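Residues per chain are reported as follows:
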Amino acid sequence: MRLLLRIILPLPILALGFAVGWLAMHKWKAPEENLAPARSERPVQRAEVIPLERQDYQIMIRTRGIVQAKTETQLTPRISGRIESLHPNFQVGAFFKRGDILVSLDPTDSESQIISAEAQVARAEAALAQEEARAKQAELNWKDLGYTEKANDLVLRIPQLREAHANLKTAQAQLAEARRNKLYTKIVAPFDGCVRERLVGPGQSVGTNTQLGVIFATDYAEVRLPVSPKDLPYTPFQSQTTLAATPAIIRDGLTDHLEGDEQTWTAQLIRSEGVIDDTSRELFLIARIPDPYGLQSGLPPLRIGQPVLAEVQGNLLEDVFVIPRETLRGAFETLLVDNETFKLLRFDIEPFWTDSENFVVTHELPENHSIVASRIPHAANGALIEIIEPESDEPPVEAAKGPEDTSTTEA
């Protein structure tokens with residue numbers, strides 16, 4: 001009986017175990033198999049794209065410099081004297097016209113020199129007249145004495161006559177110099193310009209070496225623009241020591257960054273210095289800006305000494321790919337999308353030219369592709385991309401409500 005119980009009692013337990021195992025294999029395994037493919041599917045990512053096509057690209061070389069005066073002069077008097085008066089605009093920062101008398105010296109000394117020189121001329125003229133009369137009388141006396149041969153120069157007083165002529169010319173030159181010195185008492189502006197510095201005042205005695213001030217012309221200003229060695233092959237002057245007669249035009253002018261505005265001025269490249277700087281290994285181009293202070297055009301002034309940014313128009317690259325820098329995912333990697341299969345392709349590029357906004361590529365890129373312009377979290381090769389239209393910055397236009405819409409709203 002005990003042996004029979006030991007054999008019969010485990011049978012229900014074994015039957016229950018087989019039943020549980022069968023249920024686990026046939027009933028609970030099916031949902032897991034159905035869910036497994038769903039976990040392996042990749043979600044489709046959405047992105048904006050830019051067409052990938054060849055185009056022409058104008059190289060713009062960005063550089064900077066300091067505005068300088070084209071013509072700058074240190075005013076010095078040509079004669080000594082005491083300053084009698086100054087022009088009202090002979091002040092720092094004031095403008096003047098060509099021909100304005102900036103500084104007037106006391107003319108008393110010059111007038112005295114003129115009177116003295118005129119007296120010297122009169123004496124020299126009288127001495128010359130006397131010598132001419134004596135020479136004629138000497139020739140008559142020689143003939144009256146019955147000499148048949150020609151008289152020598154000493155008998156005819158030729159040396160004395162020449163000396164009298166020389167004394168007259170010297171006196172006349174001294175008179176002309178005295179009259180010029182009177183003109184030099186008026187220091188006249190040689191051009192339309194502005195006063196950079198004034199160093200004297202009324203009543204001050206000055207000499208020929210005294211600096212009165214510093215002025216500069218306002219018809220043109222110049223900017224010395226450095227071009228780095230890497231940009232030099234793409235400038236229009238890389239193979240020229242002297243520029244052609246026709247200057248190159250700076251495309252966007254010179255942009256002011258001193259006050260933070262967007263004002264620009266028209267400029268022209270007129271020459272290059274033709275010598276590479278020993279320290280920086282840069283070539284300097286000279287840009288000229290007409291009417292920098294806006295006296296004729298009415299534009300805001302471009303002041304001397306003002307720092308500026310410039311864009312120099314370089315060479316034109318033809319039939320190249322232009323890739324915006326913001327679309328890059330690495331140093332030289334961009335994301336492309338096949339326009340037919342919409343699959344993602346990670347592609348390494350080798351830029352021919354770069355600037356702050358674009359990469360320019362000359363080698364071949366995959367055909368029938370577009371550039372991904374949106375940020376994609378997981379950019380794996382072969383991932384499906386849904387192309388979306390760029391979002392418009394314009395606010396949506398609300399439809400105008402008619403009478404029926406108003407009644408419906410009120411109801």
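Everything quoted here is computed from the prediction, not taken from an experiment.

## A few points about the overall build of the chain
Now for step 1: Looking only at helices and strands, the chain has six helices and 24 strands in total.
Now for step 2: Counting the 411 residues in the chain, one finds 32% classified as buried.
Now for step 3: Across the chain, contacts joining residues at least 24 apart in sequence account for 76% of those joining residues at least 6 apart.
Now for step 4: Surface exposure of the chain reaches about 26,600 Å², of which carbon and sulfur atoms provide 53%.

## Section: helix α5 (residues 158–183)
Now for step 1: For α5, built from 26 residues, the straight-helix expectation of 38 Å at 1.5 Å per residue is met to within 8% by its first-to-last C-alpha distance of 38 Å.
Now for step 2: Every buried residue of α5 is accounted for by L161, A164, L168, A171, L175, A178 and N181.
Now for step 3: On the buried face of α5, the contacting elements are α4 (108–144).

## Here we look at the pairing of strand β18 (residues 307–324)
Now for step 1: Judged from the ten bridges that link them, strand β3 (residues 55–69) and β18 form a sheet pairing that is antiparallel. Its bridge partner lying in β18, G65 is registered against V308.

## Quick look at the packing of α4 against α5
Now for step 1: Close contact between α4 and α5 brings their axes to 8 Å; oriented N to C, the two are set at 165 degrees. On the basis of their axis angle, the class for α4 and α5 is roughly antiparallel. The two elements α4 and α5 meet at a crossing, and its hand is left-handed.
Now for step 2: The residue makeup of the contact of α4 with α5, split by class, is twelve nonpolar, nine polar and seven charged.

## Quick word on the packing of aromatic side chains
Now for step 1: Across all of its chains, the model carries five aromatic pairs by this definition.
Now for step 2: Look at Y234 and W353: their rings are 5.0 Å apart centre to centre, the planes differ by 75 degrees, and that puts the pair in the edge-to-face class. Of this pair, Y234 sits in the loop between β12 (220–227) and β13 (248–249) while W353 sits in strand β21 (residues 353–354), placing them 119 residues apart in sequence. Like W353, Y234 is buried.
Now for step 3: Taken together, the ring pairs in this structure connect F95, F216 and Y293 into an aromatic cluster.
Now for step 4: The ring centre of F284 lies 3.7 Å from the NZ or CZ of R224, which sits over that ring.
Now for step 5: Seen from the ring of W353, K230 lies directly overhead, with NZ or CZ sitting 5.8 Å from the centre.

## So, the sheet that holds strand β4 (residues 72–75)
Now for step 1: In space, the four strands of this open sheet follow the order β4-β11-β9-β6, with antiparallel pairing throughout. Because the sheet does not close on itself, it has two edges, and the strands there are β4 and β6 (95–96).

## Some words on the side chain of S374
Now for step 1: Position of S374 among the secondary structure elements: in the loop between β23 (369–372) and β24 (385–387).
Now for step 2: Of the polar contacts made by the side chain of S374, one reaches the backbone nitrogen of E48; its length is 2.8 Å.
Now for step 3: Setting aside anything within four residues of it in sequence, one finds S374 in contact with A47, E48 and R329.

## Looking at the sheet that holds strand β10 (residues 205–206)
Now for step 1: Here we have four strands laid out as an open sheet, ordered β8-β7-β5-β10, and antiparallel in their pairing. Here the strands that pair on one side only, and so sit at the sheet edges, are β8 (186–188) and β10.
Now for step 2: In this structure, strand β5 (residues 81–86) lies alongside strand β7 (residues 101–105), joined through three bridges in antiparallel fashion. Looking across to β7, one finds that L86 is bridged to V103.

Calculation notes
Residues numbered from 1 in each chain as written. Predicted model: local features only at pLDDT ≥ 70, side-chain atom pairs only at ≥ 80, totals over all residues. Heavy atoms only, no water. Helix = DSSP H or I, 4+ residues; strand = E, 2+ residues; numbered from the N terminus. Buried < 20%, exposed > 50% of the residue type's maximum accessible area, 1.4 Å probe, protein only. Contact = heavy atoms within 4.5 Å. Areas by Shrake-Rupley, 256 points an atom, 1.4 Å probe, with all protein chains shown as cover. Expected span 1.5 Å × (residues − 1). Pairing = 2+ DSSP bridges. Axes fitted to C-alpha atoms, helices over the stretch in contact; angles between N-to-C directions. Parallel < 35°, antiparallel > 145°, perpendicular 65-115°, else oblique. Left-handed = near helix turned anticlockwise from the far one by under 90°. Nonpolar A, V, L, I, M, F, W, Y, C, P; charged D, E, K, R; others polar. Phe/Tyr/Trp six-rings, centres within 6.5 Å; stacked < 30°, edge-to-face > 60°. Lys NZ or Arg CZ within 6 Å of the ring centre and 35° of its normal. Polar contact = N/O pair within 3.5 Å; in protein donor to acceptor, adjacent residues only side chain to side chain.

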